[in-house]
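Examining the three-dimensional arrangement
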Amino acid sequence: MKPTVGYLGPEGTFTHEAACQMFSDQAVHMMPYPTIPDVLSAVDRGECTHGVIPVENAIEGAVNLTLDWLIHQVDVPIVGELVHPITQCLLVHPAQIDGPKEAWSRIISHPQAVAQCQLHLRHHYPQAQVEFANSTAEAAEKVSRHPDEAWIAIGTRQAAKRYGLHILAADVQDFQNNYTRFIAVGAPLPERRIPPGQWKTSLCVTLASDFPGALHQVLATFAWRKINLTKIESRPTKTGLGNYYFIIDAEMEREHVLLKGAIAEIEAFGCQVRVLGSYPCYRSQSVQSLSR
Ligand SMILES: O=C(O)C(=O)C[C@]1(C(=O)O)C=C[C@@H](O)C=C1
């Protein structure tokens, strides 16, 4: 049976681009879901073998919804990562392109996309109201259904094609080098033709309470073994003010003797460690040929 890959849809999202890249070497069934929790729940209850969701953006930082759902709501391992370039485009209905710049009344997109372009939007469209959507492609699809409205969606070039929209401006994010890290969750990823750039293990560490210097101690455990950490993020445990988990990404396989030793040492001084996944990391090749 073909693997089923759930992703944050509809077709034409950045997540869709990332999912097509991750599974470009094999026949899979692509299944769009309207929200990140829907993707994760579908994998958790076995409706999909895999799920692809965003986890971190170079401009806006962590996608908290993804982290919180992985920690609190589901038990699905991270099995792969893809770093994918993000080019934000302003997409409008072809019936509206001749109007004056001041006439654009609404800008619709995913909150992450709006945040990545906020300076551009303030400068060029200060009059426009912002409306949030579940994804950039959902916004594009909405604009396509309203030919009489002077609305702008922020999204992908692929969404312009799929929903018959005109690209008013491309590359409108406020900073160049805009990349998003996407993760695959669920069953192990089939081997890809291109070798991974690196291997990471994501850990969720709960510090021992009333232990001065606990975080320092945790970090020292990695430092003296020379284990490279690529990210550390704190998220509330949701049990009270000031209580946090630390999500730590280490550049090493879970089975490596040094990482096993580090985890054992952290647990020995009273902290809890949950392995969220140990996985290969890839970079996007090209986003031109996305046809699934
Ligand atoms: O809405 C989309 O197109 C998505 O894939 C979501 C998402 C995100 O949540 O970060 C993905 C990449 C971009 O950073 C903007 C939006």
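None of the values given here were measured: they were computed from a predicted structure.

**Digging into the overall build of the chain**
Helix and strand counts for the chain stand at 9 helices and 15 strands. By the compact-globule yardstick of 19 Å for 292 residues, the chain fits well, its C-alpha radius of gyration being 21 Å. The dimensions of the chain, computed from C-alpha atoms along their principal axes, are 65 × 45 × 30 Å. Sequence separation of at least 24 residues holds for 78% of the intrachain contacts in the chain that already meet a minimum separation of 6. As displayed, the chain has an accessible area near 13600 Å², and 52% of this comes from carbon and sulfur atoms.

**What about helix α8 (residues 214-223)?**
All of the buried residues along α8 are A214, V218, T221 and F222. For α8, the angular spread of buried residues about the axis comes to 95 degrees, placing them on one side. Along α8, the residues that are exposed and aim more than 90 degrees away from the buried face are H216 and A223. Of the surrounding secondary structure, the elements contacted by the buried residues of α8 are β12 (198-206), β13 (229-236), β14 (244-250) and α9 (257-268).

**Structural notes on the UniProt feature "domain: ACT" (unreviewed entry) in the chain**
Under the feature "domain: ACT" (unreviewed entry), the UniProt entry names residues 203-280. Here residues 203-280 runs as 28% helix and 36% strand, with 15 Å between its end C-alpha atoms.

**A closer look at the pattern of salt bridges**
In this structure the tally under the stated criterion is 15 salt bridges. With a closest N to O distance of 2.7 Å, K142 and E131 form a salt bridge. With K142 in helix α6 (residues 136-144) and E131 in strand β8 (residues 129-132), this pair connects stretches of sequence that are 11 residues apart. We classify K142 as partly exposed; its relative accessible area is 24%. Taking the shortest distance from any N to any O, the salt bridge between R225 and E265 comes out at 2.8 Å. Of this pair, R225 sits in the loop between α8 and β13 while E265 sits in helix α9, and the two are 40 residues apart along the sequence.

**Observations concerning α9**
Since there are 3.6 residues in each turn of an α-helix, residues three or four apart along the chain are aligned in direction. End to end, α9 covers 16 Å across 12 residues, agreeing with the expected 16 Å (1.5 Å per residue, within 8%). Along α9, the residues that are buried comprise L259, A262, I263 and I266. Seen along its axis, α9 keeps its buried residues to an arc of 95 degrees; they face one direction. Turned more than 90 degrees away from the buried face of α9 sit V257 and A268, all of them exposed. Contacts made by the buried residues of α9 are with β12, α8, β14 and β15 (272-283). Phi turns positive, to about 95 degrees, at G270, one or two residues after α9.

**What about the site of the ligand?**
Around the ligand sit 14 residues, and of these F14, T15, Q116, T136 and T180 come closest. Within the backbone of F14, one N or O atom sits 2.9 Å away from an oxygen atom of the ligand. Residue T136 places a side-chain N or O atom 2.5 Å away from an oxygen atom belonging to the ligand. In the complex, 100% of the free accessible area of the ligand, which totals 360 Å², lies under the protein chains.

**Quick word on the confidence of the model for the chain**
For the chain, per-residue confidence averages 94 on the pLDDT scale, and 98% of positions sit at 70 or higher. Contacts of residues 287-292 to residues separated by more than four positions or lying in other chains number 19 contacts, the stretch itself having pLDDT below 50.

**Topic: the side chain of H16**
Structurally, H16 can be placed in helix α1 (residues 14-22). A distance of 3.1 Å separates a polar side-chain atom of H16 from the backbone nitrogen of G12.

**With respect to the domain arrangement of the chain**
What the domain assignment reports for the chain is domain 1 (89-170) and domain 2 (198-280). Between domain 1 and domain 2, the C-alpha centre-to-centre distance is 41 Å.

**Observations concerning the packing of α8 against α9**
Viewed as axis vectors pointing N to C, α8 and α9 meet at an angle of 160 degrees, and their least axial separation amounts to 9 Å. Between α8 and α9, the crossing angle belongs to the class labelled roughly antiparallel. At the point where α8 passes α9, the crossing takes the right-handed sense. Touching V218, T221 and F222 of α8 are L259, A262, E265 and I266, all from α9. Each residue belonging to the contact of α8 with α9 can be placed in one class, and the counts come to 5 nonpolar, 1 polar and 1 charged.

Procedures and definitions
Residues numbered from 1 in each chain as written. Predicted model: local features only at pLDDT ≥ 70, side-chain atom pairs only at ≥ 80, totals over all residues. Heavy atoms only, no water. Helix = DSSP H or I, 4+ residues; strand = E, 2+ residues; numbered from the N terminus. Rg over C-alpha atoms; globule rule 2.2 N^0.38 Å. Contact = heavy atoms within 4.5 Å. Areas by Shrake-Rupley, 256 points an atom, 1.4 Å probe, with all protein chains shown as cover. Buried < 20%, exposed > 50% of the residue type's maximum accessible area, 1.4 Å probe, protein only. Arc of directions from axis to C-beta. UniProt positions renumbered as here; feature names shortened; annotations may be inferred. Salt bridge = Lys/Arg side-chain N within 4 Å of Asp/Glu carboxyl O. Expected span 1.5 Å × (residues − 1). Near = heavy atom within 4 Å. Polar contact = N/O pair within 3.5 Å; in protein donor to acceptor, adjacent residues only side chain to side chain. pLDDT = per-residue confidence, 0-100. Domains from an automatic or database assignment. Axes fitted to C-alpha atoms, helices over the stretch in contact; angles between N-to-C directions. Parallel < 35°, antiparallel > 145°, perpendicular 65-115°, else oblique. Left-handed = near helix turned anticlockwise from the far one by under 90°. Nonpolar A, V, L, I, M, F, W, Y, C, P; charged D, E, K, R; others polar.

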